[in-house]
Amino acid sequence: MEYELYKEKFTSKAHRSGLTKQEIEECLSYARPLLDKNLPLIYNTSHFSRLVGIRKIYIKRASIYTKSYYRKFLIAKRQGNPREISEPLPNLKHIQTYILTEILQHVKISAFAKAYKKKANILENTRYHVNQEKVVTLDIKNFFPSITFKAIENIFFKLGYSPILSNLFAKLCTLNGCLPQGSPTSPYLSNIFMYDFDSKLADFCLERKIRYTRYADDIAISGDFDEKEAIDYITDLLKGLDLELNPSKTKIMCQNQRQIVTGIVVNKKNQIPRKERLKLRQEVFHIRTKGLKAHIKHKGITKRNYLYHLYGKISYAVFINPYDKEFIEYKRLIKSLMK
């Protein structure tokens, strides 16, 4: 709703309700910045409860006894220890989804942030770094756990919400004082939190003709540049946010080396790594020469939906490189067997 229209309607109703001129001015002063940003106008917890369709007592309990409103489980990672996921229970998830769609997704994030955006995919991140003199990738250590409750509370306050509501929203979106992995609000909040970082680093890179993108906690810069100067600058920027790099994951890759950004080779074109291509090529070869049943028996494959897994992997390779005639043919073959 446009502010002027809201002002007219609210003032008329407020006069009938007996509000003083000062009270009306205070309400309008609170409303204007939110409406100007196309954000929902929320006055208090009771109002929020009505908007989200969840009882006020539930919202208050979820904000106080937050640990009881999550379930935790582990998911395997390609490398390293399993990742712990904290998934909110259905009603809390509904509340967080409202915060995400009605508030957070109306907030601008950097064009250099390539993850957690509508219609975004991993190629949006890698295509900027194809065929570059040098590629440097860096990893932000403990990304979500390092973004604190206070930082999230400050995001909502800067948007224009009252201190009480900002505190409430931050409690509903955090767990153990930080962003939980598994909450629908965490990814977008992380992008909002990193907005100033992305802007400053983008300015630094543009001045030096360096290409820059950030995919969640993965930073990629490419071109012909002084990598030490760039890494030192990034380290200092992160320090200002109480974040730090994971030095063991810093990679400096020249053209005569395999250059990988978020798991994709970018030397001359986007391509899945050679090792993965070879493995898929061998699987298709054995299916062609031995037959599907013999291949499954010989390899001791126990997955009931093996073909669907294989088709998914081949489809991903084609998605990364849509001009790969070899893997397009593999995709057709496996699809015909699935029928």
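It should be noted that the structure appears before, not after, this text.
Please read all numbers here as calculations on a predicted model, not as lab measurements.

Criteria and cut-off values
- Residues take numbers from 1 onward in each chain, read along the sequence in its written order.
- Two thresholds apply to this predicted model, a pLDDT of at least 70 for residue-level local features and 80 or more for giving and counting side-chain atom pairs, whereas whole-chain, interface and lining totals are computed over all residues.
- Values reported for side chains reflect all heavy atoms of the structure, with hydrogen atoms and water molecules removed beforehand.
- The helix and strand labels rest on DSSP assignments: H or I over at least four residues marks a helix, E over at least two residues marks a strand, and numbering proceeds from the N terminus.
- In this scheme, a residue with accessible area under 20% of its type's maximum is buried, one over 50% is exposed, and one in between is partly exposed, where area comes from a 1.4 Å probe on protein chains only.
- Note on definitions: a residue-residue contact is assigned when non-hydrogen atoms from the two residues lie within 4.5 Å.
- Take the number of residues in a helix, subtract one, and multiply by 1.5 Å to get its expected span.
- Within this analysis, patches are made of residues with over 30% relative accessible area and no salt bridge. Like charges are joined at 9 Å or less; nonpolar side chains (Val, Leu, Ile, Met, Phe, Trp, Tyr) at 5 Å or less.
- Using the Shrake-Rupley algorithm and a 1.4 Å probe, accessible areas are obtained, with residue cover drawn only from the displayed protein chains.
- Any Lys or Arg side-chain nitrogen located within 4 Å of an Asp or Glu carboxyl oxygen qualifies as a salt bridge.
- Note on charges: Lys and Arg go in the positive column, Asp and Glu in the negative column, and His and the chain ends are not counted at all.
- A single reference atom marks each charge: NZ on Lys, CZ on Arg, CG on Asp, CD on Glu.
- When DSSP locates at least two bridges between a pair of strands, those strands are taken to pair.
- Between N-to-C directions, angles span 0 to 180 degrees; the directions come from axes that are lines fitted to C-alpha atoms, helices contributing only their stretch in contact.
- Each pair of aromatic rings taken from Phe, Tyr and Trp, with Trp reduced to its six-membered ring, is defined by centres within 6.5 Å and is described as stacked if the planes are under 30 degrees apart, edge-to-face if over 60, and tilted in the remaining cases.

Moving on, we get to the overall build of the chain. Within the chain one finds 15 helices and 8 strands. Considered along the principal axes of its C-alpha atoms, the chain spans approximately 85 × 50 × 35 Å. Residues counted as buried form 45% of the 339 residues belonging to the chain. Looking at the chain alone, contacts between residues at least 24 apart form 66% of all its contacts between residues at least 6 apart.

Attention shifts here to helix α2 (residues 21–36). Taking 1.5 Å of rise per residue, the 16 residues of α2 would be expected to cover 22 Å, and the 22 Å separating its terminal C-alpha atoms lies within 8% of that figure. Ile24, Cys27, Leu28, Tyr30, Ala31, Leu34 and Leu35 are the residues of α2 that are buried. Its buried side turned inward, α2 meets α1 (3–17), α7 (149–159) and α8 (163–173).

Here we take up a positive patch on the surface. On the surface, Arg258, Lys275, Lys279, Lys303 and Lys313 cluster together to form a positively charged patch. Secondary-structure assignment places Lys275 in helix α12 (residues 274–290). Judged by relative accessible area, Lys275 falls into the exposed class, the value being 73%.

This part covers the sheet that holds strand β3 (residues 134–139). Taking strand neighbours across the sheet as the criterion, the 4 strands line up as β4-β5-β3-β6 in an open arrangement whose pairing is antiparallel. The outermost strands of the open sheet, each flanked by one partner alone, are β4 (211–215) and β6 (251–254). Averaged over neighbouring strand pairs, the angle between their axes works out to 15° when direction is ignored. As paired strands, β3 and strand β5 (residues 218–223) are joined by 6 bridges and run antiparallel to one another.

Spanning 15 residues, helix α14 (residues 306–320) covers 22 Å between terminal C-alpha atoms, matching the ideal 21 Å at 1.5 Å per step. Buried within α14 we find Tyr306, Leu307, Leu310, Tyr311, Ile314, Ser315, Ala317, Val318 and Ile320. The elements touched by buried residues of α14 are α6 (122–126), β8 (264–265), α12, α13 (292–299) and α15 (325–338).

This next bit is on the packing of aromatic side chains. Scanning the model with the defined rule gives 13 aromatic pairs in all. Pairing Tyr6 with Phe10 gives two aromatic rings, centres 5.6 Å apart and planes at 20°, and the pair type is stacked. Taken together, the residues span about one helical turn, with Tyr6 and Phe10 both in helix α1 at a distance of 4 residues. You can call Tyr6 buried: its relative accessible area is 12%. The class of Phe10 is buried, set by a relative accessible area of 17%. Ring geometry for Phe48 against Tyr98: centres 5.9 Å apart, planes inclined by 70°, an arrangement best described as edge-to-face. Taken together, the residues span a long stretch of sequence, with Phe48 in helix α3 (residues 45–52) and Tyr98 in helix α5 (residues 90–103) at a distance of 50 residues. Considered together, Phe48 and Tyr98 belong to a single accessibility category, that of buried residues.

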